[in-house]
Amino acid sequence: MDPNKLGYAHEIILKQYLPDIANLEIRHDDVFVISYPKSGTTWTLHIVCQIFKEDRNNTDKSIFEEIPYLEFPQGHDLAAIDTIPGQYELLDIMSSPRVIKSHLKPHNLPRDMKVKAPKVIYVARNPKDTAVSAYNFCKLLPGFPTLEEWPDFFEHFCKGTGPRGSWFEHVLTYWKQSRNDPNKLFLKFEDMKKDLKGAVSTISEFLERSLSEASLDLIVNNSTFSAMRSNPKTNPDLNPGELNKIPAQFFRKGKVGDWKNYFTVAQNESFDVLYTEKLRGSDLTFEFEPSHL
Ligand code: A3P
């Protein structure tokens, strides 16, 4: 293992944490926010935390300090990468309702989730914009030296061999699980962009927390791209804390359709064939164009 390569080290660490994560004790009132990376996870978490604001007393922390990222280390000290405890170890002492972030596939989640049936919010984003967002994020991280060029990244994304594996497998597995389960909510980034107020209402109903019209409006105002980008509690680039040691840009563009600035015509055609083939028979659709509402 090369400890200077966070991406690689992160994968190693992830495997090291998996047995403990599988055995974690879950609470019925936990809320999991799960996604394939770069799909709007932080956005969804911010909305959930605001809905729970009255139940939580530690909201002075940034969202990255407040919400445990299940499979991630507690720090970025690469010299000690083999010994850094996982953030999942913080769960025990947290008060309820706990909000937990994860990008894990379902078979790696705590087994106790099947028994306790906590609420799970899954957020998905069209794969072209997800790929572009992930490409820009990974490009800035050490550890993915072979994926620095877009054609390389695109190829791995299509094959499911890039960081975090196949988008298709991740999204389709959660889609199938969410459809008929009242404890699971499947959101789409593009719907949140089109109707943020509707998305906040949907999330609050799912969490069984009614909001006054004034609270709803406040959450919507606090959850726009520009509000979150200028807020040090949601934008790690403005936060002098631990996470800022990763030179990544969290709030890059936040748009639907930025893929057009990256995909060549040939890449787009081949991706459309793959997308049609993989999603055939699933009833799952995505929007790839910005809404003009
Ligand atoms: P871009 O890289 O396309 O800008 P995640 O939190 O899962 O890592 O997702 C990050 C992506 O969500 C980034 O996409 C980021 O800009 C976008 N995002 C975060 N908050 C947003 C918001 N309030 N509105 C629109 N996009 C948002």
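Keep in mind the model is a prediction, meaning the values are calculated, not measured.

Trainee: Give a description of the packing of helix α2 (residues 41-51) against helix α10 (residues 213-222) that names residues and reports values.
Mentor: Contact geometry for α2 and α10: axes closest at 10 Å, N-to-C directions at 150°. By the angle between their axes, α2 is roughly antiparallel relative to α10. For the pair α2 and α10, the sense of crossing is right-handed. Contacts between α2 and α10 pair H46, I47, Q50 and I51 from the former with L218, I219 and N222 from the latter. Of the residues belonging to the contact of α2 with α10, the class tally is four nonpolar, three polar and no charged.

Trainee: Which residues make up the packing of aromatic side chains, and what values do they have?
Mentor: For the structure shown, the criterion picks out 26 aromatic pairs. Measuring from centroid to centroid gives 5.3 Å for F154 and F263, while their planes differ by 80°, and the two rings are edge-to-face. Of this pair, F154 sits in helix α6 (residues 150-159) while F263 sits in the loop between α11 (225-229) and α12 (265-279), placing them 109 residues apart in sequence. You'll find F154 and F263 in the same group, each marked buried. Over the ring of F250 we find K38, and its NZ or CZ is 4.7 Å from the ring centre. Geometry around F189 places R125 over its ring, the cationic atom sitting 3.9 Å from the centre.

Trainee: How would you sum up the site of the ligand? Please name residues and give values.
Mentor: Residues in contact with the ligand amount to 18 residues; listed here are only the nearest, T41, T42, S133, K253 and G254. In this structure, a nitrogen atom belonging to the ligand sits 3.4 Å away from a main-chain N or O atom of F225. Relative to its unbound accessible surface of 570 Å², the ligand loses 97% to contact with the protein. If you list the elements that add at least two residues to the shell around the ligand, you get α2 and α11. It is α2 that contributes the most residues to the shell around the ligand, three residues altogether. Looking at the shell around the ligand, its residues break down into six nonpolar, eight polar and four charged.

Trainee: Quick rundown of the side chain of S204? Include the residues and the values.
Mentor: Its location among the elements puts S204 in helix α9 (residues 196-206). Residue S204 is classed as buried on the basis of its relative accessible area of 6%.

Trainee: How would you sum up the pairing of strand β1 (residues 31-35)? Please name residues and give values.
Mentor: A large share of β1 lies buried, amounting to five of its five residues. Residues V31, V33 and S35 point to one face of β1 and F32 and I34 to the other, with burial holding for every one of them. Of the strand pairs in this sheet, β1 and strand β2 (residues 99-102) are connected by four bridges, and their pairing is parallel. Bridge pairing in β2 links F32 to I100. Pairing of β1 with strand β3 (residues 119-124), which is carried by five bridges, proceeds in the parallel orientation. For S35, the partnering residue across the bridge sits in β3 and is V123.

Trainee: Provide a residue-level description of the pattern of salt bridges, including the pertinent values.
Mentor: Applying the stated rule across the entire model yields 14 salt bridges. Here D30 ties to R98 by a salt bridge, and the two come within 2.7 Å at their closest N and O atoms. Of this pair, D30 sits in the loop between α1 (6-22) and β1 while R98 is found in the loop between α3 (63-66) and β2, placing the two residues 68 residues apart along the sequence. Each member of the pair D30 and R98 is classed as buried. Where K194 meets E287, a salt bridge forms, and the shortest distance between an N and an O atom there is 2.9 Å. With K194 in helix α8 (residues 189-194) and E287 in the segment after α12, this pair connects stretches of sequence that are 93 residues apart. Classification of E287 as partly exposed rests on a relative accessible area of 33%. Residues joined in a network through salt bridges with shared partners are K197, E213 and D217.

Trainee: How would you explain α2 if you had to name every residue and give the values?
Mentor: With eleven of eleven residues buried, α2 is to be regarded as a mostly interior element. What α2 keeps buried is the set T41, T42, W43, T44, L45, H46, I47, V48, C49, Q50 and I51.

Trainee: Could you give an account of the sheet that holds β2, naming the residues involved and the relevant values?
Mentor: The four strands are arranged β2-β1-β3-β4 in an open sheet whose pairing can be described as parallel. Every other strand in the sheet has two partners, leaving β2 and β4 (184-188) as the edge strands with one partner each. Shown here is a sheet whose adjacent strand axes are inclined to one another by a mean of 20°, direction ignored. Lying over the sheet, α2 contacts β1, β2, β3 and β4, oriented at roughly 160° with respect to β1. Sheet strands in contact with helix α7 (residues 167-178) are β1, β3 and β4, and its direction is about 135° off that of β4.

Cut-offs and rules
- Residues numbered from 1 in each chain as written.
- Predicted model: local features only at pLDDT ≥ 70, side-chain atom pairs only at ≥ 80, totals over all residues.
- Heavy atoms only, no water.
- Axes fitted to C-alpha atoms, helices over the stretch in contact; angles between N-to-C directions.
- Helix = DSSP H or I, 4+ residues; strand = E, 2+ residues; numbered from the N terminus.
- Parallel < 35°, antiparallel > 145°, perpendicular 65-115°, else oblique.
- Left-handed = near helix turned anticlockwise from the far one by under 90°.
- Contact = heavy atoms within 4.5 Å.
- Nonpolar A, V, L, I, M, F, W, Y, C, P; charged D, E, K, R; others polar.
- Phe/Tyr/Trp six-rings, centres within 6.5 Å; stacked < 30°, edge-to-face > 60°.
- Buried < 20%, exposed > 50% of the residue type's maximum accessible area, 1.4 Å probe, protein only.
- Lys NZ or Arg CZ within 6 Å of the ring centre and 35° of its normal.
- Near = heavy atom within 4 Å.
- Polar contact = N/O pair within 3.5 Å; in protein donor to acceptor, adjacent residues only side chain to side chain.
- Areas by Shrake-Rupley, 256 points an atom, 1.4 Å probe, with all protein chains shown as cover.
- Pairing = 2+ DSSP bridges.
- Salt bridge = Lys/Arg side-chain N within 4 Å of Asp/Glu carboxyl O.

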